Amino acid sequence: MTVTRSPVLVDCEDVAWFRDQPEAARGAAAALGRRIGLDEQRTAQLVLAVAELAGNLTKHAVDGSLLLRVLRTHAESGAEAAAGVGVTAGVEVIAVDSGPGMADIPAALRDGMSTSGTLGIGLGAVQRLADSYDIHSRPGTGTIQLARFWPRPAPSAVRGEPAVAGVTRPISGEQTCGDAWAARTDSGSLPTVRGRAPSAGPRGDGTPPHGPSAEGRPSWSALTNPLSQQSRSTDPRPAGARPETPGRPGPDDARTVSTGRTTPVRAASLGGGEGLLVMSCDGLGHGPQAALAAQAAVQAFRTATGRTPEKVMEEVHRALRGTRGAAVAIARLEPDGRLLFCGIGNITAALVTTADRTTLMSHPGIVGHQMRQLPTYEAQLPAAGVLVMHSDGLSERWSAADLAGLLHHPPAVLATGLLRQAGTRRDDASVVIARSPR
């Protein structure tokens, strides 16, 4: 008898982005470690790692930013949840830059290889201190590093890579993000909730330069700096209006991209085994009201009794009445790679392999206000492929080749790489990546 283990999933809360602020990042890491209950030694190790990563970004990187956020496991049973036990909190650190990149990663990870101006522990020590560590780097493109710190000993619930992860950031000038993502398993019982709702948590207060990078890409620092006034002074739209992105359809326009090998289904049936439900949501406009709509969508998704994407979408639609509404996409991934998808509004969704990108069809409408039709599409996710969903805070002008070198990395690294590559400054942005629960 073969026992299929449930995919690893954790809750994620974005806490702070930092640029050119190594001292602020160290202080935030220390406070965060204490707040979530890491012991003194583990907190000190977290601070050392953050100091090394933030110092490297400040001294050597182009458009470097560092993200600190909380990860939480969930109770395995309702009784544990009611008693407030069975939950473990940890810290995830993501460092990202746009260059210069590393030509020899193994050399950079060797002991004794540290950069000037840092505490000198080196990336090899960061790797050893972290419970999990990943790095992707390419000369001329930049580096992404991920490190997670859990209490010691690490709980069994986090021994494995999360099957779903996402990254969000608010539009420049805002501290709340109107984009959100969430994921949960489904086996016919009450929902097991995972995800990330919008948060108005603290952000870094640096003032990085703005405008396109030397290579024509949007400045990563501009994307992650919420206190810039540039977008406010140059944006003539009224508060709450949806940004106009050249070449991108709005929520009431039909999508014009190819849908590849997908098949519409009239009455979706469930396959065998435990499914994985994933949602991407973009509250209309930006700011607090968009965040409220996204929060309502996440809560409805978490508590929905529906098991197919269209049934969950109906529950989210009802929950968003009275809000400004949102663009929403919901997918169900099954152990055999079968995927069901339902999208309303301007969420881009695609199945991506090293050689191919198959775009999934979303339909016109605003969830919470108007949905003329609620079609579901079926597709097959290849074993080595991923599901990508992102808001229109990212351009669609990316290809499978852009992600080919990232596909074997954790979903959080892949999402960060895509946000760096395709993010714009004109709207809240979010990316969520999911792998099939095989």
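Residues numbered from 1 in each chain as written. Predicted model: local features only at pLDDT ≥ 70, side-chain atom pairs only at ≥ 80, totals over all residues. Heavy atoms only, no water.

**Q** Could you clarify how one ought to interpret the overall build of the protein in this entry?
**A** Along its length, the protein carries eleven helices and 17 strands. Pairs at least 24 apart in sequence give 75% of the contacts found in the protein among residues at least 6 apart. (Helix = DSSP H or I, 4+ residues; strand = E, 2+ residues; numbered from the N terminus. Contact = heavy atoms within 4.5 Å.)

**Q** Is there a simple way to think about the packing of aromatic side chains in this case?
**A** To describe a pair of aromatic rings, you give the distance between the ring centres and the angle between the ring planes. Counting across every chain of the model gives zero aromatic pairs. For Arg357, the ring lying beneath its charged end belongs to Trp398, and the centroid distance is 4.0 Å. (Phe/Tyr/Trp six-rings, centres within 6.5 Å; stacked < 30°, edge-to-face > 60°. Lys NZ or Arg CZ within 6 Å of the ring centre and 35° of its normal.)

**Q** Would you explain the pairing of strand β2 (residues 65–72) in this entry?
**A** Within β2, seven of the eight residues are buried, which leaves the element mostly enclosed by the surrounding structure. Where strand β1 (residues 11–18) and β2 come together, seven bridges link them in antiparallel fashion. Directly across from Cys12, in β2, lies its bridge partner Leu71. Note that β2 and strand β3 (residues 89–96) share eight bridges and pair antiparallel. Bridge pairing in β3 places Leu67 opposite Ile94. (Buried < 20%, exposed > 50% of the residue type's maximum accessible area, 1.4 Å probe, protein only. Pairing = 2+ DSSP bridges.)

**Q** Is there a simple way to explain the confidence of the model for the protein in this structure?
**A** Keep in mind that low pLDDT regions are not for reading the predicted coordinates in detail. Of all residues in the protein, 77% attain a pLDDT of 70 or more, and the chain-wide mean is 81. Here residues 200–218 scores under 50 on pLDDT; set against residues more than four positions off or in separate chains, the count is 51 contacts. Contacts of residues 224–260 to residues separated by more than four positions or lying in other chains number 85 contacts, the stretch itself having pLDDT below 50. (pLDDT = per-residue confidence, 0-100.)

**Q** In this structure, what is going on with helix α1 (residues 22–36)? I would like to understand it.
**A** The end-to-end C-alpha distance of α1 is 21 Å, a good match for the 21 Å that 15 residues give at a rise of 1.5 Å each. Every buried residue of α1 is accounted for by Ala25, Ala29, Ala30, Leu32, Gly33 and Ile36. An end-on view of α1 places all buried positions within 165 degrees of arc, on one side of the element. In α1, those exposed residues whose orientation departs by more than 90 degrees from the buried face are Glu23, Arg34 and Arg35. Each element contacted by the buried residues of α1 is listed here: β1, α2 (40–60), β2 and β3. Backbone geometry just after α1 places Gly37 at a positive phi near 100 degrees. (Expected span 1.5 Å × (residues − 1). Arc of directions from axis to C-beta.)

**Q** Explain the sheet that holds strand β4 (residues 132–138) here, please?
**A** Strand-to-strand pairing in sheets goes through backbone hydrogen bonds, with the strands running parallel or antiparallel. With antiparallel pairing, five strands are arranged side by side in an open sheet as β1-β2-β3-β5-β4. The sheet is open, and its two edges are formed by β1 and β4, each paired on a single side. Across the sheet, the axes of successive neighbouring strands diverge by a mean angle of 15 degrees, strand direction being ignored. Here α2 sits on the sheet and contacts β2, β3 and β5 (142–149); the angle it forms with β3, its principal contact strand, is near 10 degrees. (Axes fitted to C-alpha atoms, helices over the stretch in contact; angles between N-to-C directions.)

**Q** Whenever I open this one, unusual backbone geometry confuses me. Can you help?
**A** Each neighbour pair has its own omega, and for Gly99 with Pro100 the value is 5 degrees, a cis peptide bond. Here Pro100 is to be found in the loop between β3 and α4 (105–108). The omega torsion of the bond from Arg152 to Pro153 falls at -5 degrees, within 30 degrees of zero and hence cis. Tracing the chain through its elements places Pro153 in the loop between β5 and β6 (164–169).

**Q** What is the right way to read the packing of α1 against α2 from this model?
**A** How two helices sit against one another is set out by the angle between their axes and by the gap between those axes. α2 packs onto α1 with a crossing angle of 155 degrees between their chain directions and a minimal axis gap of 9 Å. With respect to their mutual orientation, α1 and α2 come out roughly antiparallel. For the crossing formed where α1 meets α2, the hand is right-handed. Across from Pro22, Ala25, Arg26, Ala29, Ala30, Gly33 and Arg34 in α1, the residues of α2 making contact are Thr43, Leu46, Val47, Val50, Ala51, Ala54, Gly55 and Thr58. (Parallel < 35°, antiparallel > 145°, perpendicular 65-115°, else oblique. Left-handed = near helix turned anticlockwise from the far one by under 90°.)

**Q** Help me understand the sheet that holds strand β16 (residues 386–390) in this model?
**A** Read across the open sheet, the five strands follow the order β6-β17-β16-β13-β14; overall the sheet is antiparallel. Edge positions in the sheet fall to β6 and β14 (357–359), since each of these pairs with one other strand and no more. Across the sheet, the mean angle separating the axes of adjacent strands is 20 degrees when strand polarity is ignored. On top of the sheet, helix α11 (residues 411–422) reaches β6, β16 and β17 (429–434); it is set at about 35 degrees to β6, its chief contact.

**Q** How do you make sense of the pattern of salt bridges when you look at a structure like this?
**A** Where charged atoms from two side chains of opposite charge approach closely, those side chains can pair. In total, this model carries 13 salt bridges according to the counting rule given. Asp186 is paired through a salt bridge with Arg307; the nearest N and O atoms lie 2.9 Å apart. Note that Asp186 is positioned in strand β7 (residues 179–186) and Arg307 in the loop between α8 (288–303) and α9 (309–319), a separation of 121 residues in sequence. Judged by its relative accessible area of 29%, Arg307 falls in the partly exposed class. Among the ionic pairs, Glu334 bridges to Arg338, the shortest N-O distance being 3.0 Å. For the pair shown, Glu334 and Arg338 are each scored as buried. A single network of salt bridges, built from pairs that share partners, joins Asp186, Arg307, Arg332, Glu334, Arg338 and Glu378. (Salt bridge = Lys/Arg side-chain N within 4 Å of Asp/Glu carboxyl O.)

**Q** Explain the pairing of strand β11 (residues 326–333) here, please?
**A** Consecutive side chains of a regular strand alternate in pointing toward one face of the sheet and then the other. With eight of eight residues buried, β11 is to be regarded as a mostly interior element. As paired strands, β11 and strand β12 (residues 338–344) are joined by six bridges and run antiparallel to one another. When the bridges of β12 are listed, Leu333 appears paired with Leu339. Between the antiparallel neighbours β11 and β12 lie four residues, among them Gly337 with a positive phi of about 90 degrees.

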